[in-house]
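Each chain, written out:
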Amino acid sequence: MSKGIKKGKFVYKNQDSLNKMHAFYVKTLATLGVPYSEDYFETSFGQTHCLLVGDKDKPRICTIHGGNGITTLNLKLFLPLLKDFCILAPDVIGMPGKSAPYRNISSRKDQYGLWINEVLNHYDEEKISFVVSSYSSAMFLSFAKYYPQRVSSALLLVPSGIAHGPILPMLGKMVVPFIKYYSSPSEKTLDAVIETMGGKGDETWREFFDLMMSSYKMEMKPPKEYSKKEMVAFKAPLLIMASPRDIFFPANKVFSKAKKIFSGPVTTVEIDSKHLPSDEVMVEVCERAKEFFEMNENLSEYLKETPSINFSHPLIEAKIKELRKQSDSQIGYIKRAYEFVRDKITHSWDVKAKVVSKNAAEVLKNGTGICWTKSCLLAALLRGNGIPAGISYQKLTRADDDSDGYIIHALNTVYIPELQKWIRLDARGNKATVHAEFSLEEEKLAFPAREQYSEIDYHDNNSDLDERLIKILNEVDVVMNIRTDFELK
């Protein structure tokens, strides 16, 4: 125990119970047959034991076992991920495992996020992806609330912290049997718990449930549910997988609430499982998680801030906040942001503007911009709200025909997590001859590329405004004089 830390409740019946749990830990870790190193270090909440599992040269992800759970069986669930990742796996203080056996961390005081932060600091992890399940989802959300910038992406499996199932079934089928088993263990009660929880036919899980319920003082307080206000700064992509048969956190409630409280990209996947997924289901879960992490590694370029897409500017932050309040869903926010840029920001050519807006914030401040910087503004409004967005180009004639040369036209690419696809939106601004619209299916852009005039639609997806266009914007004084008689590719 770290000096100065007040000990919470000792979480085992006695020292012999602690020894049995440690023996189970050592045995089940050995059966995994994976390379690992372990470390003990002090935190503000007590001594923490942590495993670093798998090939240390592979990308790291962090997993945290569920409430009243244990790291070795959590690793058993996510074992397929070791083919592609090195897993950082701390034992939660005050729960089964080798960390301090005292309940020093309070969910009510929202302290789990502070502890996770210290764990990551010990390993010099600036930013990392997470794999969490059940109670540890609420632990993760505590961390995401305090340190949103340190999360790359996360899988939340049968997650707590979002929405709980009905209380009475949980009390009757889980809480009461837990209490009964602690004082009077029986095979019948154990069978009933496993039937509800999952894990039937798995002797390792059965042994753990027996040990956990008979010798360990379980954390019975449910994790808190987080609000939209608490998650407002958290924008990292989430993959949420839940089951309608989960007695604790049923899919319908979790998915519905998640869409309301998270403003960043959220992908939801329904699985066929009880609260504890089978090995077969976990193979599917891990495959989806791998694809998700790889995809979001690619998407990260479309979430970055650049000098042209400067979404941390106070004017843009204020507009994001305003648009968010007016939106009831992520797609609703995208549509509202798009229509704001299209309809409320004039195209500088249409109004013969005297000012040249050079980046997203200047477009918003001046209320006008050409398509290059209007696309930067829409990208900024989306990226600043955790939505991946890029820029696509067309080579079009300046006039109705090719008599006056060509211009590069810019529009936006937007990733829709709910649909797991990219769409294109053109916020150039409508007029008598231009009718661009928001659409999730068929593209409704401002201009078609006409082959008879050698116009080109590049169908590309760029993470920033092209450097040649930036140079032109910085050198030109009159917006009507802008020309780009070159091809981008």
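Look up a bit, the structure's there.
This is a predicted model, so every value here is computed, not measured.

### Examining the sheet that holds strand 7 (residues 238-242)
One open sheet holds the eight strands; their spatial order is 1-2-4-3-5-6-7-8, and the pairing between them is mixed. Strand pairing shows two members of the sheet lacking a second neighbour, strand 1 (36-43) and strand 8 (266-270), which therefore form its edges. When strand polarity is set aside, the average angle formed by the axes of neighbouring strands in this sheet is 20°. With six bridges joining them, strand 5 (residues 128-134) and strand 6 (residues 151-159) adopt parallel strand pairing. Residue pairing in the sheet places valine 131 in a bridge with leucine 155 of strand 6. Here helix 8 (residues 251-261) sits on the sheet in contact with strand 6, strand 7 and strand 8, set at roughly 160° to strand 7.

### Some points on the packing of aromatic side chains
On inspection of all chains with the given rule, the structure shows 21 aromatic pairs. Ring centres 5.7 Å apart and planes at 55° place the aromatic pair phenylalanine 292 and phenylalanine 293 in the tilted group. For the pair phenylalanine 292 and phenylalanine 293, one class covers both residues: buried. A network of ring pairs unites the aromatic residues Phe130, Phe140, Phe143, Tyr146, Tyr147, Phe234 and Phe262 as a single cluster.

### Side note on the sheet that holds strand 12 (residues 406-416)
Strand order in this open sheet of four strands is 13-12-11-14, and the pairing throughout is antiparallel. For this open sheet the edge positions go to strand 13 (421-425) and strand 14 (456-457), each flanked by a neighbour on one side alone. Bridge count between strand 12 and strand 13: five bridges; the pairing is antiparallel. Each bridged residue has a counterpart across the sheet, and for tyrosine 415 the counterpart in strand 13 is tryptophan 422. The strands that helix 14 (residues 371-383) touches are strand 11 (389-397) and strand 12; relative to strand 12, the one it contacts most, it runs at about 10°.

### Considerations on the nonpolar core
Residues Phe130, Phe140, Ile162, Phe209, Ile240 and Phe262 are the most contacted members of the largest nonpolar core, which totals 106 residues. Contacts of isoleucine 162, omitting those with residues within four sequence positions, involve Leu141, Leu156, Glu225, Ile240, Val254, Lys257, Ala258, Ile261 and Phe262. Of all hydrophobic cores here, the second largest spans 53 residues; its members include Phe311, Leu381, Ala389 and Ile472.

### A look at the state of the cysteines
Across all of its chains, the model carries zero disulfides by this definition. Unpaired in this structure, cysteine 62 has its nearest cysteine sulfur neighbour in cysteine 50, at a distance of 7.0 Å.

### Topic: helix 14
The end-to-end C-alpha separation of helix 14 is 18 Å, in line with the 18 Å expected for 13 residues at 1.5 Å each. By the criterion of burial, helix 14 is predominantly enclosed, with 13 of the 13 residues buried.

### A few points about the pattern of salt bridges
Side chains that differ in charge, positive against negative, can pair when their charged atoms come close. Under the counting rule described, the total for this entry stands at 31 salt bridges. The closest approach of N and O atoms between glutamate 339 and lysine 335, which form a salt bridge, is 2.7 Å. Within this pair, glutamate 339 and its partner lysine 335 are both found in helix 11 (residues 330-344), separated by four residues, close to a single helical turn. For glutamate 339, a relative accessible area of 24% corresponds to the partly exposed category. In this structure, aspartate 343 and arginine 342 form a salt bridge, with 2.6 Å as the shortest nitrogen-oxygen distance. When salt bridges with common partners are traced through the structure, they connect Asp110, Lys145, Lys224 and Glu230 into a single cluster.

### So, the environment of glutamate 219
On the secondary structure map, glutamate 219 appears in the loop between helix 7 (203-215) and strand 7. On the basis of relative accessible area, glutamate 219 is assigned to the buried category, the value being 14%. C-alpha separation for the pair glutamate 219 and arginine 103, spaced 116 residues apart in sequence, amounts to 8.7 Å. At 3.1 Å, the side chain of glutamate 219 forms a polar contact with the backbone nitrogen of lysine 221.

### Quick word on the packing of helix 10 (residues 314-325) against helix 11
When two helices pack together, their arrangement is given by the angle between the helix axes and by the axis-to-axis distance. Running from N to C, helix 10 and helix 11 point in directions that differ by 125°, and their axes come no closer than 9 Å. For the element pair helix 10 / helix 11, the angle class is oblique. The crossing of helix 10 and helix 11 is right-handed. Taken together, the residues of helix 11 that come into contact with helix 10 (itself represented by Lys319, Ile320, Leu323 and Arg324) are Tyr333, Arg336, Ala337 and Phe340. Across the contact of helix 10 with helix 11, the residue classes break down as five nonpolar, no polar and three charged.

Definitions and limits used
Residues numbered from 1 in each chain as written. Predicted model: local features only at pLDDT ≥ 70, side-chain atom pairs only at ≥ 80, totals over all residues. Heavy atoms only, no water. Pairing = 2+ DSSP bridges. Helix = DSSP H or I, 4+ residues; strand = E, 2+ residues; numbered from the N terminus. Axes fitted to C-alpha atoms, helices over the stretch in contact; angles between N-to-C directions. Contact = heavy atoms within 4.5 Å. Phe/Tyr/Trp six-rings, centres within 6.5 Å; stacked < 30°, edge-to-face > 60°. Buried < 20%, exposed > 50% of the residue type's maximum accessible area, 1.4 Å probe, protein only. Core = buried A, V, L, I, M, F, W, Y, C linked by side-chain atoms within 4.5 Å. Disulfide = S-S within 2.5 Å. Expected span 1.5 Å × (residues − 1). Salt bridge = Lys/Arg side-chain N within 4 Å of Asp/Glu carboxyl O. Polar contact = N/O pair within 3.5 Å; in protein donor to acceptor, adjacent residues only side chain to side chain. Parallel < 35°, antiparallel > 145°, perpendicular 65-115°, else oblique. Left-handed = near helix turned anticlockwise from the far one by under 90°. Nonpolar A, V, L, I, M, F, W, Y, C, P; charged D, E, K, R; others polar.

Any functional reading would require information beyond the geometric quantities listed.
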